[in-house]
Amino acid sequence: MRRRSNIPSGVVGAPLDLRTQDEAKRQGCPSVVDGRLRTYAPGDNAGRFVDILGHRVSRPLAVSLAACVHCGLCAESCHYFLARPDDPTMTPVWKADQIRKIFKRHVDWTGRVAPWWVKAGSPRDDEDLNRLKNIVFGACSACRRCTYNCPMGVDTALLVRFARGLLTELGIVPEGVFNVSRDEWETGNQMAVTETDYLETLEWMRDELRSELGTDAVDIPVDKPDCEILYTINPREIKFDPRSIAHAARIFHAAGVSWTLPKRGWDQTNFGLFSGDDKLGGFVARNVYEAADRLRARRIVISECGHGYRSTRWEGYNWAGCDQKLPTESVVVTLKRLLEEGRIAVDRGRNPEPVTFHDSCNIARSGDLVEQPREVLRRVCADFREMHPNRRENFCCTGGGGLLSMAEYRPLRLEAGRIKADQLRATGASVVCTMCHNCIDGLADVIKHYRLPMRVVQVLELVSKALVLPGQP
Ligand code: SF4
Ligand code: SF4
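Residues numbered from 1 in each chain as written. Chains lettered and ligands numbered in written order. Predicted model: local features only at pLDDT ≥ 70, side-chain atom pairs only at ≥ 80, totals over all residues. Heavy atoms only, no water.

J.: How would you explain the site of ligand 2 if you had to name every residue and give the values?
T.: The environment of ligand 2 is made up of Cys-78, His-79, Tyr-80, Pro-92, Lys-95, Cys-140, Ser-141, Ala-142, Cys-143, Arg-144 and Cys-146. Looking at the shell around ligand 2, the elements with two or more residues in it are helix H4 (79–83) and helix H5 (92–106). When the residues that make up the shell around ligand 2 are grouped by side-chain class, the tally is 7 nonpolar, 2 polar and 2 charged. (Near = heavy atom within 4 Å. Helix = DSSP H or I, 4+ residues; strand = E, 2+ residues; numbered from the N terminus. Nonpolar A, V, L, I, M, F, W, Y, C, P; charged D, E, K, R; others polar.)

J.: Please give an account of the environment of Arg-161 that cites residues and values.
T.: Considering the arrangement of structural elements, one finds Arg-161 in helix H9 (residues 156–169). Residue Arg-161 is classed as buried on the basis of its relative accessible area, which comes to 17%. The residues contacting Arg-161, other than those within four sequence positions of it, are Gly-272, Leu-273, Gly-276, Asp-277, Asp-278 and Trp-319. Within the structure, Arg-161 has its side chain in polar contact with the side chain of Asp-278 (distance 2.7 Å). (Buried < 20%, exposed > 50% of the residue type's maximum accessible area, 1.4 Å probe, protein only. Contact = heavy atoms within 4.5 Å. Polar contact = N/O pair within 3.5 Å; in protein donor to acceptor, adjacent residues only side chain to side chain.)

J.: Now, about the packing of helix H10 (residues 175–187) against helix H15 (residues 278–294): what can you tell me, with residues and values included?
T.: Between two packed helices, both the angle of their axes relative to each other and the distance between the axes serve to describe the pair. It is at 10 Å that the axes of H10 and H15 come closest, and there the two elements cross at 40 degrees. In terms of their interaxial angle, H10 and H15 are classed as oblique. Judged by the twist between their axes, the crossing of H10 over H15 is left-handed. From H10, Ser-181, Glu-184 and Trp-185 reach across to H15, where they touch Lys-279, Leu-280, Phe-283 and Val-284. Broken down by class, the residue content of the contact of H10 with H15 amounts to 4 nonpolar, 1 polar and 2 charged. (Axes fitted to C-alpha atoms, helices over the stretch in contact; angles between N-to-C directions. Parallel < 35°, antiparallel > 145°, perpendicular 65-115°, else oblique. Left-handed = near helix turned anticlockwise from the far one by under 90°.)

J.: I'd love a proper account of the pairing of strand S8 (residues 354–358), names of residues and values included.
T.: Taking burial as the measure, the 5 residues of S8 include 5 buried ones, the bulk of the element. Pairing analysis gives 3 bridges linking S8 to strand S9 (residues 383–385), with the strands arranged parallel. In the strand pairing of S9, Val-355 is matched with Phe-384. The pairing of S8 with strand S10 (residues 431–434) spans 4 bridges and is classified as parallel. Bridge pairing links Val-355 to Val-431 in S10. (Pairing = 2+ DSSP bridges.)

J.: Account for the site of ligand 1, with residues named and values stated.
T.: Inspection of the region around ligand 1 gives Cys-68, Val-69, His-70, Cys-71, Gly-72, Leu-73, Cys-74, Val-93, Cys-150, Pro-151, Met-152 and Val-154 as its neighbouring residues. Applying the majority rule of atoms within 2 Å of the grid points places ligand 1 in the largest cavity. (1 Å grid on protein atoms, 1.4 Å probe; cavity = no way out; pocket = protein on both sides within 12 Å on 5 of 7 lines; lining within 4 Å. Sits in = over half its atoms within 2 Å of the grid points.)

J.: Just give me the short version of the environment of Gln-472, but keep the residues and values in it.
T.: Mapping Gln-472 onto the fold places it in the segment after strand S12 (467–468). A relative accessible area of 28% places Gln-472 in the partly exposed class. Taking the C-alpha atoms as reference points, Gln-472 and Glu-212, 260 residues apart in sequence, are found 9.8 Å from one another. If we skip the residues at most four places from it in the chain, Gln-472 touches Glu-212 and Leu-213.

J.: So what's going on with the packing of aromatic side chains? Residues and values would help.
T.: Within this structure, the stated rule accounts for 7 aromatic pairs. Ring centres of Tyr-231 and Phe-252 lie 5.5 Å apart, and the angle between their planes is 90 degrees; this geometry places the pair in the edge-to-face category. Placement of the pair is Tyr-231 in strand S3 (residues 229–232) and Phe-252 in helix H13 (residues 243–255), with a sequence separation of 21 residues. Using a relative accessible area of 0% as the deciding quantity, one classes Tyr-231 as buried. Look at Tyr-231 and Trp-259: their rings are 5.9 Å apart centre to centre, the planes differ by 80 degrees, and that puts the pair in the edge-to-face class. Highlighted residues: Tyr-231 in strand S3 and Trp-259 in strand S4 (residues 259–260), separated in sequence by 28 residues. A residue is classified by how much of its surface remains accessible, and Trp-259, at 4% relative accessible area, is buried. Among the aromatic residues, ring-to-ring pairing joins Tyr-231, Phe-252 and Trp-259 into one connected group. In this arrangement the basic side chain of Arg-145 is found over the ring face of Phe-395, its NZ or CZ atom lying 3.8 Å from the centre. Here the basic side chain of Arg-313 rests over the ring of Trp-314, its NZ or CZ set 4.0 Å away from the ring centre. (Phe/Tyr/Trp six-rings, centres within 6.5 Å; stacked < 30°, edge-to-face > 60°. Lys NZ or Arg CZ within 6 Å of the ring centre and 35° of its normal.)

J.: Before we move on, could you go through the layout of surface pockets and cite the residues and values that matter?
T.: Of the voids in this model, the largest pocket is the one considered here, and its volume is about 840 Å³. Lining the largest pocket are 43 residues, with Arg-161, Phe-162, Gly-276, Asp-278 and Trp-319 positioned closest to its centre. Elements supplying a minimum of two residues to the lining of the largest pocket: helix H3 (59–66), H9, helix H14 (272–275), H15, helix H16 (306–320), helix H18 (361–364) and helix H22 (437–449). Looking at the lining of the largest pocket, the element that brings in the most residues is H9, giving 9 residues. When the residues that make up the lining of the largest pocket are grouped by side-chain class, the tally is 17 nonpolar, 15 polar and 11 charged. (Points joined across faces, edges and corners; volume = space filled by probe spheres on them.)

J.: Talk me through unusual backbone geometry; I want residue IDs and the actual numbers.
T.: Backbone torsion omega between His-388 and Pro-389 reads -10 degrees, so that peptide bond is classified as cis. Within the secondary structure, Pro-389 is located in the loop between S9 and helix H20 (410–416). Unusually for a residue other than glycine, Asp-368 sits at a positive phi of about 60 degrees. Within the secondary structure, Asp-368 is located in the loop between H18 and helix H19 (371–380).

J.: Explain H9 to me, using residue names and the numbers behind them.
T.: Taking 1.5 Å per residue as the helical rise, H9 with its 14 residues ought to reach 20 Å, and the 20 Å between its terminal C-alpha atoms agrees with that figure. Counting buried residues along H9, 13 of its 14 residues qualify, which places the element largely inside the surrounding structure. Just past H9, the residue Gly-171 takes up positive phi, approximately 75 degrees. (Expected span 1.5 Å × (residues − 1).)

J.: Tell me about the sheet that holds strand S5 (residues 300–302), and please be specific about residues and values.
T.: The sheet built from 4 strands is open, its strands ordered S4-S3-S5-S6 with parallel pairing. Each edge of the open sheet is held by one strand with a lone partner, namely S4 and strand S6 (328–330). By the bridge criterion, 3 bridges tie S5 to S6 in an arrangement that is parallel. Counterpart to Ile-300 in the pairing with S6 is Thr-328.

J.: Describe the confidence of the model for the protein chain, with residues and values.
T.: The predicted coordinates ought not to be read in detail in places where the model reports low pLDDT. Summarising the model, the protein chain shows a mean pLDDT of 92, and 94% of its residues fall at 70 or more. Across residues 1–14, where pLDDT falls below 50, the model places 34 contacts with residues more than four positions away in sequence or in other chains. (pLDDT = per-residue confidence, 0-100.)

This is the structure we're talking about:
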C-alpha cells in the first residue's frame, strides 16, 4: 500500500516501545538490536550474509536452489521480462541465480569442489549486497507467476523472500521497507495509526452510517466479546479509505451478523511477508490471534487485502508458532455465504457498468481463492466480464511484494505494468474490481500511467451498492 513519507529522518533508529522490545527479546529477533530496529552498519556484511545463509537454508529452499535446470520456461511468465524482452537480467532464473550462486559456493558440495563449473560465487562487499538488494526488492514483486509455470516447481519468490530476510537482518533494505517494519514493530500496525485516530475514524463512520440509514441500531463495535466475527482490517482503510469499513458495517447490519473490531490486533496486513522477517510476521499475526482469543470470537474475518489474507490465513500461524484454533477467512467468503444463505438481498441492476476482476497474486496463486469472488460479482453486477489471462495465471498489479513502499523502484515497476495495462484495456470494462487494498493502489498507478478510462473498486463496495434494505430506496 502507498505510504505517506511523514517520518523525519532523525527518528530512524529511535527505540521501539517497551512492550515491543520485550517481545523482540523473547523471540530472539535478529532485526531488533538494543531496543532498536537494526540499521545498516559498515563492516564485514558480505561475510555475515554468507554465514547467516548457511544457517538458514531449509529443505524447501534447498529444493528450489538445486532443482532449476535452466530451461528458461519461466521467462515469459514474468511481467518484468515481458516489458524488457531483450534484458536477460529480468528473467526469474537470472534473479534466482544471484542467490543460487552464493548457495552453491558456500553450502552445496558441487560449488565447493568445482566453483567455476557450477558458476558459484560470493558477495565481496557491501556494493555486491546492494546490487542484490536492487534485484530482490526492486525487480521482483514476489508474484509467484514464474513458480506456477516452472516444470521443476522452483519457487523463485521463496528465494527472493529468503534473500530479502538476510539483507533485512543486515539493515541493507530500501528505506520504505525499514520505515514500515519499524512502524509495525512500534505500533502494531504498518501505518503507525494511533489508537485515538483508529477509534475516532470508526466513530465517524458509524455516525455517517446512522444518519444515512436513519437508525441508531447500526454500529461499528470495538472490543465486543463473544461475537460471531472478529473483523480485521488494513490500516489503509483508516488512513485513506474508511468507507470500506462502512460498507462492511452496512452489510453486516443488514445480515444481522454479530461482529466486532478489536482495539488491539486489528491490522491483518503483515510486512514480515515482504521483508522476509519471520519474527516480525509472527509478532503481527500473533496480535490478531490473541485478539480473537481475548474476545472469544468464533471466526476471524480478513477484509479485502491480498498479503493480509495470505499472512493471517496461512503463513502467520507458522511464523507465530500457533495452532489455528478458529476458522479464518476472507470477507469475500463471508459475503458469498451471506448471499447464499439469503441473509442479504441484492439488486445487480444497481451496478450496471461493465466490471472486470483482477485476481490478487497472494489470494489466487498463493491463497487458492479464485471462484468465490466471481460468484459474488455475478450476483451483484449486471455486466461481469473476465480479464485474460485470469485466476492463478493473472498478472501482478505491479504493487506486490511491498513495492508500493519503495519509491526508488517506481519507474521500473510502472514499465513492467505495461502487460497489466494491456490486460485491463482489452476487457473494455469501465470498472476493475479487486479484493486487495495493495492492488487498488497498484492498479490505480497503472491506470493513471497508461491513461486507461477505468476506475478501481472493491467487492465490498459493489455488494454494498447492490444491497436492498427494507424501507430504503
Ligand atoms: S526456474 Fe524453472 S522454468 Fe525457470 S529456468 Fe529454472 S527450471 Fe526452468
Ligand atoms: S515472482 Fe513474479 S515478479 Fe518475481 S521473478 Fe517470478 S514472475 Fe517475475
